[in-house]
Amino acid sequence: MLITSAATAVTLAALRQRQRGRTIAFGVIAVIFVYTTVANVVERPSGVKIAGCFIGGIILVSVLSRLMRAYELRVDHVELDPAATRMIDERAGRRIRLIAHEPDGRDEAEYHAKLAQTMADNDFPDDSDVIFVEVEVTDPSDFETELLVRGGVADGRFPLLSLASSSVPTALAALLLEIRDRSRRRPHIYFEWSEGGPARNVLRYLAFGDGAIASVTREILRRQEPDPHRRPHVHAG
């Protein structure tokens, strides 16, 4: 049962990473172990009960651990590359506005539409200090201590900060605190509310690191910075 679970897990992981060769290889191994498991269950059913209790205990401990770490920052150091450093320093004397963006086609129309929607939802007058932020989600089970932020320009016009993290809210909260400390100003970040119910979004966050982004980011910031007058602003529209 344990080896079958492991074989299935690595098959799904390879499929998610779009590694075709590994998906096929691990899939064949998983099928073999599934067959072996079924044959053993038919012959000795008591074994599956013991294995089931063992697996259930592991899942329970994992879920409890995930719940306890859900609102931890988990980032000890944020490193800005030269382009990101320059982008933040240029805006140090002005209001810094970040737009959290989940990229799709990464074309000009997409960024224009996101900017227009954010400005309309939050009623701010111009886009002079707007920076898009994009987070690539890595393995949600990773426990990271360092975050690398890269600066760039999206579609030749829009300032962009990009980073990779196991958790979108954690990465954004760490970035906001770094910008505040560096610029001595409280940055603003703008979100679009996630579709679906709150319970579903929280479960998505716990499982995949990308649900309930606005509310979880705000809660992480609240726990890291008790003083509301020093806490970065979080907007959701």
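Above this text sits the structure in question.
Definitions and cut-offs
Residues numbered from 1 in each chain as written. Predicted model: local features only at pLDDT ≥ 70, side-chain atom pairs only at ≥ 80, totals over all residues. Heavy atoms only, no water. Helix = DSSP H or I, 4+ residues; strand = E, 2+ residues; numbered from the N terminus. Expected span 1.5 Å × (residues − 1). Buried < 20%, exposed > 50% of the residue type's maximum accessible area, 1.4 Å probe, protein only. Contact = heavy atoms within 4.5 Å. Phe/Tyr/Trp six-rings, centres within 6.5 Å; stacked < 30°, edge-to-face > 60°.

**Quick word on helix H3 (residues 45–69)**
Residue pairs spaced three or four apart in an α-helix point in one direction, given the helix's 3.6 residues per turn.
For step 1, the next point in the chain: Taking 1.5 Å of rise per residue, 25 residues should cover 36 Å, and H3 covers 37 Å from first to last C-alpha, within 8% of that figure.
For step 2, the next point in the chain: Within the span of H3, buried status applies to Ala 51, Ile 55, Arg 66 and Arg 69.

**A word on the environment of Asp 142**
For step 1, the next point in the chain: If you trace the backbone, Asp 142 turns up in the loop between strand E3 (130–137) and strand E4 (146–154).
For step 2, the next point in the chain: C-alpha separation for the pair Asp 142 and Ser 166, spaced 24 residues apart in sequence, amounts to 5.9 Å.
For step 3, the next point in the chain: The residues contacting Asp 142, other than those within four sequence positions of it, are Arg 69, Arg 74 and Ser 166.

**Overview of the packing of aromatic side chains**
How two aromatic rings sit relative to each other is given by the distance of their centres and the angle of their planes.
For step 1, the next point in the chain: If you walk through the whole model with that rule in mind, you get three aromatic pairs.
For step 2, the next point in the chain: Summarising the aromatic geometry, the rings of Tyr 111 and Phe 132 are spaced 5.1 Å apart at their centres and angled 85 degrees between planes, so their arrangement reads as edge-to-face. Here the residue Tyr 111 occupies a position in helix H5 (residues 108–122), and Phe 132 occupies one in strand E3, the gap between them amounting to 21 residues. Residues Tyr 111 and Phe 132 agree in their burial class; the two are buried.
For step 3, the next point in the chain: When the ring of Tyr 111 is compared with that of Phe 158, the centres are 5.7 Å apart and the planes differ by 25 degrees; the resulting orientation is stacked. Highlighted residues: Tyr 111 in helix H5 and Phe 158 in strand E5 (residues 158–165), separated in sequence by 47 residues. Neither residue differs from the other here; Tyr 111 and Phe 158 are each classed as buried.
For step 4, the next point in the chain: In this structure an aromatic cluster arises from ring pairing among Tyr 111, Phe 132 and Phe 158.

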